[in-house]
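# Understanding the architecture of this molecule
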Amino acid sequence: MDITLIGYGRMGHIIETIARKRGHRIVLTIDRGQEELFESEHFLHSDAAIEFSTPQTALKNIEYCFAHHIPVVSGTTGDWTGQLPGLKKRCEEEEQTLFWASNFSIGMNLFFALNRHLAKLMKDFPVYSPSLTETHHIHKLDAPSGTAITLAEQIVKASPSVRDWQPVNENTLIAPDSLPVTSIREGEVPGIHTINYRSDADCISITHEAFGREGFALGAVLAAEFTASHKGFLNMQQLLNLKTDE
């Protein structure tokens, strides 16, 4: 495949290395301030674009891809994701292709499935109070992480006693029926997500820890490959053939 990388930071460089190892060509890289390259011949003839940029630029980047009907894989998280329902509708109405995931790690997507299953098991045992903690490197712009929000929303959906999730901030009172989500930013931690169910008697915990960015990058390249034979609004559950009730 001929692939354009939109966003050429640390993640973009790792994606480039993995894509080349898998036999693909990186024909163009586009970073902030290089928007004129969206009209270049290399971009216009790309088989797919992989977009890891910023919450401020992600939507515009995807719209550039849609304008030329280039399948786009996006892993950018943040407030902009409120636009995803509209983008999904455009995929349906305009025959566009967008593969979006809050986390492209294969292991994390298995963890998502485990989280959904555990939440369903725990819904009949309200003596256990759930909480979520995520830790990332100091360069991460959004908090909570997009992955943490996905995990939290899964728990809320499956738990009758949990009305919503709530970020833990200093001097913030957490409602009894809210899932507390704690965000920690330290060092160069690629990503750790832990879910606890605590009672007066014991605690049940599950954790996913990433050792580097390579797992995320591989998933993004696999997603780009997936767009060669699948169209529309795509996700990791489809790619990995994971059954879901959602």
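Residues numbered from 1 in each chain as written. Predicted model: local features only at pLDDT ≥ 70, side-chain atom pairs only at ≥ 80, totals over all residues. Heavy atoms only, no water.

### A closer look at helix H5 (residues 106-122)
Relative to the 24 Å expected for 17 residues at 1.5 Å per residue, H5 spans 24 Å between its end C-alpha atoms, a close match to the ideal helical length. Along H5, the residues that are buried comprise Met 108, Asn 109, Phe 111, Phe 112, Asn 115, Arg 116, Leu 118, Ala 119 and Met 122. Summarising the contacts, the buried residues of H5 are in contact with helix H6 (146-158), strand E9 (191-198), strand E10 (203-210) and helix H8 (236-240). One side-chain oxygen of the residue at the start of H5 lies 3.2 Å from the amide nitrogen of Gly 107, identifying that residue as Ser 105. (Helix = DSSP H or I, 4+ residues; strand = E, 2+ residues; numbered from the N terminus. Expected span 1.5 Å × (residues − 1). Buried < 20%, exposed > 50% of the residue type's maximum accessible area, 1.4 Å probe, protein only. Contact = heavy atoms within 4.5 Å. Polar contact = N/O pair within 3.5 Å; in protein donor to acceptor, adjacent residues only side chain to side chain.)

### Looking at the UniProt feature "domain: Dihydrodipicolinate reductase N-terminal" (unreviewed entry) in the chain
Cross-referencing UniProt, the feature "domain: Dihydrodipicolinate reductase N-terminal" (unreviewed entry) maps to residues 1-104 in the present numbering. Summarising residues 1-104: 36% helix, 21% strand, and an end-to-end C-alpha distance of 19 Å. (UniProt positions renumbered as here; feature names shortened; annotations may be inferred.)

### A few points about the sheet that holds strand E2 (residues 25-30)
The strand order E2-E1-E3-E4-E5-E11 describes an open sheet built from six strands, whose pairing is parallel. With one partner strand each, in any of the chains shown, E2 and strand E11 (232-234) form the two edges of the open sheet. Averaged over all pairs of adjacent strands, the angle between strand axes in this sheet comes to 20°, irrespective of strand direction. Note: strand E1 (residues 2-6) against strand E3 (residues 48-51), four bridges, orientation parallel. By the bridge assignment for E3, Leu 5 is matched with Ile 50. Here helix H4 (residues 84-94) sits on the sheet and contacts strand E5 (97-100) and E11; the angle it forms with E5, its principal contact strand, is near 145°. (Pairing = 2+ DSSP bridges. Axes fitted to C-alpha atoms, helices over the stretch in contact; angles between N-to-C directions.)

### Overview of the nonpolar core
Counting 25 residues, the largest nonpolar core has Ile 15, Ile 50, Phe 52, Val 73, Phe 99 and Phe 104 as the members making the most contacts within it. Every element with two or more residues in this core is listed here: E1, helix H1 (10-21), E3 and helix H7 (214-226). Among the elements that make up this core, the one with the highest residue count is H7 (seven residues). Sequence-distant contacts of Val 73, defined by excluding residues within four places in its chain, comprise Ala 49, Ile 50, Glu 51, Phe 99, Phe 104, Ala 220, Ala 223, Ala 224 and Thr 227. (Core = buried A, V, L, I, M, F, W, Y, C linked by side-chain atoms within 4.5 Å.)

### Here we look at the domain arrangement of the chain
Splitting the chain by domain gives domain 1 (2-104 + 214-240) and domain 2 (106-211). Placing a centre on the C-alpha atoms of domain 1 and another on those of domain 2 gives a separation of 27 Å. Summed over both sides, the interface between domain 1 and domain 2 buries roughly 1100 Å², with carbon and sulfur atoms accounting for 55% of that surface. On the domain 1 side of the interface with domain 2, the three residues burying the most area are Ser 102, Asn 103 and Leu 240, jointly 35% of the side's total. With its nearest N and O atoms 2.9 Å apart, the salt bridge here joins Arg 10 to Glu 188. (Domains from an automatic or database assignment. Buried area = accessible area lost by both parts, 1.4 Å probe. Salt bridge = Lys/Arg side-chain N within 4 Å of Asp/Glu carboxyl O.)

### Thoughts on unusual backbone geometry
Note the cis peptide between Ala 143 and Pro 144, where omega equals 0°. Structurally, Pro 144 can be placed in the loop between strand E6 (129-136) and H6. The backbone phi angle of His 69 is positive, close to 50°, even though this residue is not glycine. By relative accessible area, His 69 is classed as partly exposed at 48%. Despite not being glycine, Glu 95 has its phi angle at roughly 60°, a positive value. When its relative accessible area of 69% is taken as the criterion, Glu 95 is described as exposed.

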